[in-house]
Amino acid sequence: MAAGWLHAPSARARFRLAGPEAAFKAFWQQQRSLTRCASAHPDLPGEFLFKEFVSCEEAQALVALADAGPPPWKPSTFNGRHRGKAWGVQMDLGRRIVVAEAVPLPALLQTLAERMRTLPPLRSFYPNEANAIDYRKSLGHHLAPHVDDRKLSTGVIVTLSLLGTCLMTFQRDKGERHGVDVLLPPRALQVLTRDARYAYTHAIQPHNLLSERRISITFRQSPLRSV
Ligand SMILES: O=C(O)CCC(=O)C(=O)O
Ligand SMILES: [Fe+2]
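Below, the structure is looked at part by part. (Residues numbered from 1 in each chain as written. Chains lettered and ligands numbered in written order. Predicted model: local features only at pLDDT ≥ 70, side-chain atom pairs only at ≥ 80, totals over all residues. Heavy atoms only, no water.)

Concerning the overall build of the protein chain
Now for step 1: Counting secondary structure elements, the protein chain contains six helices and 14 strands.
Now for step 2: Each of the 227 residues in the protein chain was classed as buried or not, and the buried ones make up 45%.
Now for step 3: A total accessible area of about 11900 Å² is found for the protein chain, and carbon and sulfur atoms account for 57% of it. (Helix = DSSP H or I, 4+ residues; strand = E, 2+ residues; numbered from the N terminus. Buried < 20%, exposed > 50% of the residue type's maximum accessible area, 1.4 Å probe, protein only. Areas by Shrake-Rupley, 256 points an atom, 1.4 Å probe, with all protein chains shown as cover.)

Some remarks on the nonpolar core
Now for step 1: Counting 29 residues, the largest nonpolar core has Met116, Leu122, Val158, Leu189 and Phe219 as its most contacted members.
Now for step 2: Looking at this core, the elements that each hand over two or more residues are strand E2 (47-50), helix H4 (56-68), helix H5 (107-116), strand E7 (129-136), strand E9 (157-162), strand E12 (189-192) and strand E14 (213-220).
Now for step 3: Counting residues in hydrophobic clusters, the runner-up holds 18 residues, among them Leu143, Val182, Ala196 and Tyr200. (Core = buried A, V, L, I, M, F, W, Y, C linked by side-chain atoms within 4.5 Å.)

Considering the site of ligand 1
Now for step 1: Close to ligand 1 lie 14 residues, the nearest being Tyr135, His202, Arg214, Ser216 and Arg220.
Now for step 2: Within the side chain of His202, an N or O atom sits 2.9 Å from an oxygen atom of ligand 1.
Now for step 3: Within the side chain of Ser216, an N or O atom sits 2.7 Å from an oxygen atom of ligand 1.
Now for step 4: Compared with its free state, where it exposes 300 Å², ligand 1 has 96% of that area covered by protein.
Now for step 5: Ranked by residues supplied to the shell around ligand 1, first place goes to E14 with four residues.
Now for step 6: Of the residues assigned to the shell around ligand 1, the class counts are five nonpolar, six polar and three charged. (Near = heavy atom within 4 Å. Polar contact = N/O pair within 3.5 Å; in protein donor to acceptor, adjacent residues only side chain to side chain. Nonpolar A, V, L, I, M, F, W, Y, C, P; charged D, E, K, R; others polar.)

Points about the coordination of the iron ion (ligand 2)
Now for step 1: Within the protein, the iron ion (ligand 2) binds to His146 (NE2), Asp148 (OD) and His202 (NE2); these donor distances fall in the range 2.1 Å.
Now for step 2: Donor residues binding the iron ion (ligand 2) come from one chain and are separated in sequence as H-x1-D-x53-H. Linking Asp148 in the loop between strand E8 (143-146) and E9 with His202 in strand E13 (residues 201-204), this pair joins segments that are 54 residues apart in sequence.
Now for step 3: Under the relative-accessibility criterion, Asp148 is labelled buried at 6%. (Donors = N, O, S within 2.8 Å, 3.2 Å for Na, K, Ca; no water.)

What about the pairing of E13?
Now for step 1: Of the two faces of E13, the one holding Thr201 and Ala203 and the one holding His202 and Ile204 are both buried throughout.
Now for step 2: Where strand E10 (residues 166-171) lies against E13, three bridges are found, and the strand directions are antiparallel. Counted as the bridge partner of Thr169 is Ala203 from E13. (Pairing = 2+ DSSP bridges.)

Re the packing of H4 against H5
Now for step 1: Packing of H4 against H5 brings their axes to within 11 Å, and their N-to-C directions diverge by 135 degrees. The angle between H4 and H5 falls in the class oblique. In contact with Glu58, Ala61, Leu62 and Leu65 of H4, H5 contributes Leu108, Leu109, Leu112 and Arg115.
Now for step 2: Residues belonging to the contact of H4 with H5 are distributed by class as follows: six nonpolar, no polar and two charged. (Axes fitted to C-alpha atoms, helices over the stretch in contact; angles between N-to-C directions. Parallel < 35°, antiparallel > 145°, perpendicular 65-115°, else oblique. Contact = heavy atoms within 4.5 Å.)

Let's talk about the side chain of Arg117
Now for step 1: Structurally, Arg117 is set in the loop between H5 and E7.
Now for step 2: Despite being buried, Arg117 has no salt bridge partner; Glu114 is the closest side chain of opposite charge, sitting 4.9 Å away.
Now for step 3: One polar contact links the side chain of Arg117 to the main-chain carbonyl oxygen of Phe125, over a distance of 3.0 Å.
Now for step 4: The contact partners of Arg117, leaving out residues within four places of it in the chain, are Leu122, Arg123, Phe125, Tyr126 and Pro127. (Lys, Arg positive; Asp, Glu negative; His and termini not counted. Salt bridge = Lys/Arg side-chain N within 4 Å of Asp/Glu carboxyl O.)

Observations regarding the environment of Ser76
Now for step 1: With respect to the element layout, Ser76 can be found in strand E3 (residues 74-76).
Now for step 2: Along the sequence, Ser76 and Asp134 sit 58 residues apart, while their C-alpha atoms lie 9.9 Å from each other.
Now for step 3: In this view, Ser76 contacts Arg81, His82 and Arg83; residues no more than four positions away in its chain are not counted.

A few points about the environment of Cys166
Now for step 1: Mapped onto the elements of the fold, Cys166 is located in strand E10.
Now for step 2: Sequence separation of Cys166 and His207 is 41 residues, and the distance between their C-alpha atoms is 9.0 Å.
Now for step 3: Not counting residues up to four positions away in its chain, the partners in contact with Cys166 are Val182, Leu183, Leu184, Ile204, Asn208, Leu209, Leu210 and Arg214.

Written as structure tokens, this is what we have:
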């Protein structure tokens, strides 16, 4: 083993020396060489998981961003009980339109969107909307089975998991007893396209939150012009 390798500063130390933006780039260059990070689900056509899409430091920064607001966390009962917040253009599900953004997509999320476009299924993904969900296991939080709106968002839905692990259940038919369970660890980016996006519902049952707290950030691209 080369002595130089032994004495090279650790990736973590190099990130600290070079500052946060260089750290973002250095981390991603290193990740891209790890093909084991990407996987397509064998039983769920159109579902991809990119493990370790963000570094531990980036994950912390994203949790801080979600916790700090704006906007503030708000209790939500839409798609299950949890707390949520949204950035970017706003979906008006009742009027079936997209309205102008109250809080723009934060710069950190736009930087992540650039990184997403380096992944094959996301080459032309330009999200203009994101929402965060804060799940607490002890409060019985969950995600009810749903398919993300077919008209207000395009055919690619992308979610980054932070803090905790969960099992997400996909079901083809409503009320089906069994589904396909996908383990979502912190820092993993899940991409839903094709059947996984349109033909299956996705949900997280309360007992499938495997940690006390989990935060997710979901990115979408609305094809509609905001009014
Ligand atoms: O929490 C998650 O991983 C997914 C959230 C979700 O499905 C949604 O916001 O539509
Ligand atoms: Fe969803």
